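# Examination of the molecular architecture
Below, each chain spelled out in residue letters.
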Amino acid sequence: MNAIPIRYVEPVFRPPSEAQSLILPVTDGCSWNACTFCEMYTAPQKAFRARSEDEVLASIRHTGESYGDRVRRVFLADGDALVLPTRRLLAILDAIRQHLPAVHRVSSYCLARNLKKKTVAELTQLREAGLAMVYLGAESGDDAVLAKVHKGETYASTVDALDKLGQAGIVRSVMILNGLGGQVLSAQHADNSARLANATQPEYLSTLVVSFPQGEARFRAGFPEWEPLDQAGLFHEMERFLTQLDLRRTVFRSDHASNWLVLKGTLGADKARLLEQVRAAIAAPQAAHLRPAWARGL
């Protein structure tokens, strides 16, 4: 089998649920790239740039020549494809329809800031052209936490972006970082993250545990009082978060490799069961089955 005719700049990231998708870079890196908890785009070769329209369209055309009837999903990379002008995104989506006719879902990451200049009408155009889903890392609904980690967003800006997407009919997958507020801001991080979810009612909601594979120095420079939550603290924060969620039909997942406790359900139908699982973990935090997923080889 020939290699896919797309130029990749390593490392390449995508959501776990896009494992079977064609990864199509339309930008390299992240246009913000200042969040102190994020190491995804800090390598020199991942400096932000928009790929040329000619290169992207040629990649789609050449991929279609070999794999046009086999590609079912496309994920637009890198960190925030929606930073591109609507006209360019529409051209990309049109090319996908033309050359990859079997595709039934196109998705991408999205920064809330990407949508400040995009209207609901423009987003509706993108949805009608094939953009079905976006993954938005809210990280927290608490303004103090967001400022400490240099997210460049607020509760209000995140709600505005999610509301625009919802009005346009684009499916929203929102991520919250368990433990991001550390010990000092844990309670308000949980409270306001739940408030954010309740206000926007995303179709998907997930949690990951904050971690620093390359060390904590960059993060602590802006948040020197941060102290990590231990396992029990993470569980208590999750209990507080779940208790305050008032969601109607949101698929909830806490099953990333960073999570100590795997939680899956639909909120609010499964809220009582999920809380029962968390409370059982709090009562027996050292149980062997509560090791992180990565420690279990998953």
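So, a few notes on the structure that sits alongside this text. Small disclaimer: the values here were computed from a predicted structure and weren't measured.

## Description of helix α3 (residues 120-129)
Within α3, the full set of buried residues consists of Leu 123, Thr 124, Leu 126 and Ala 129. On its buried face, α3 sits against α2 (86-99), β6 (131-139) and α5 (155-168). Immediately beyond the C-terminal end of α3, within one or two residues, lies Gly 130, with a positive phi of roughly 130 degrees.

## A word on the packing of α5 against helix α6 (residues 186-200)
Here α5 crosses α6 at 25 degrees, and the two axes come no closer than 10 Å. In terms of their interaxial angle, α5 and α6 are classed as roughly parallel. In the packing of α5 onto α6, the handedness of the crossing is right-handed. Facing α5, whose interface residues are Tyr 155, Thr 158, Val 159, Leu 162 and Asp 163, α6 presents Asn 192, Arg 195, Leu 196, Ala 199 and Thr 200. Counted by class, the contact of α5 with α6 contains five nonpolar, three polar and two charged residues.

## Concerning the packing of aromatic side chains
Under the criterion given, the structure shown has eight aromatic pairs. Taking 5.1 Å as the distance between ring centres and 85 degrees as the angle between the ring planes, the aromatic pair formed by Phe 75 and Tyr 109 counts as edge-to-face. Remark: Tyr 109 occurs in strand β5 (residues 105-110) and Phe 75 occurs in strand β4 (residues 73-77); sequence separation between them is 34 residues. No difference in accessibility class separates Phe 75 from Tyr 109, as the two residues are buried. The interplanar angle of 80 degrees and the centroid separation of 5.1 Å between the aromatic rings of Phe 219 and Trp 226 together place this pair among those described as edge-to-face. Each member of the pair, Phe 219 together with Trp 226, is buried. Taken together, the ring pairs in this structure connect Phe 212, Phe 219, Phe 223 and Trp 226 into an aromatic cluster. When the ring centre of Tyr 155 is taken as origin, the NZ or CZ atom of Arg 195, which lies over that ring, is 3.7 Å away.

Cut-offs used in this document
Residues numbered from 1 in each chain as written. Predicted model: local features only at pLDDT ≥ 70, side-chain atom pairs only at ≥ 80, totals over all residues. Heavy atoms only, no water. Buried < 20%, exposed > 50% of the residue type's maximum accessible area, 1.4 Å probe, protein only. Helix = DSSP H or I, 4+ residues; strand = E, 2+ residues; numbered from the N terminus. Contact = heavy atoms within 4.5 Å. Axes fitted to C-alpha atoms, helices over the stretch in contact; angles between N-to-C directions. Parallel < 35°, antiparallel > 145°, perpendicular 65-115°, else oblique. Left-handed = near helix turned anticlockwise from the far one by under 90°. Nonpolar A, V, L, I, M, F, W, Y, C, P; charged D, E, K, R; others polar. Phe/Tyr/Trp six-rings, centres within 6.5 Å; stacked < 30°, edge-to-face > 60°. Lys NZ or Arg CZ within 6 Å of the ring centre and 35° of its normal.

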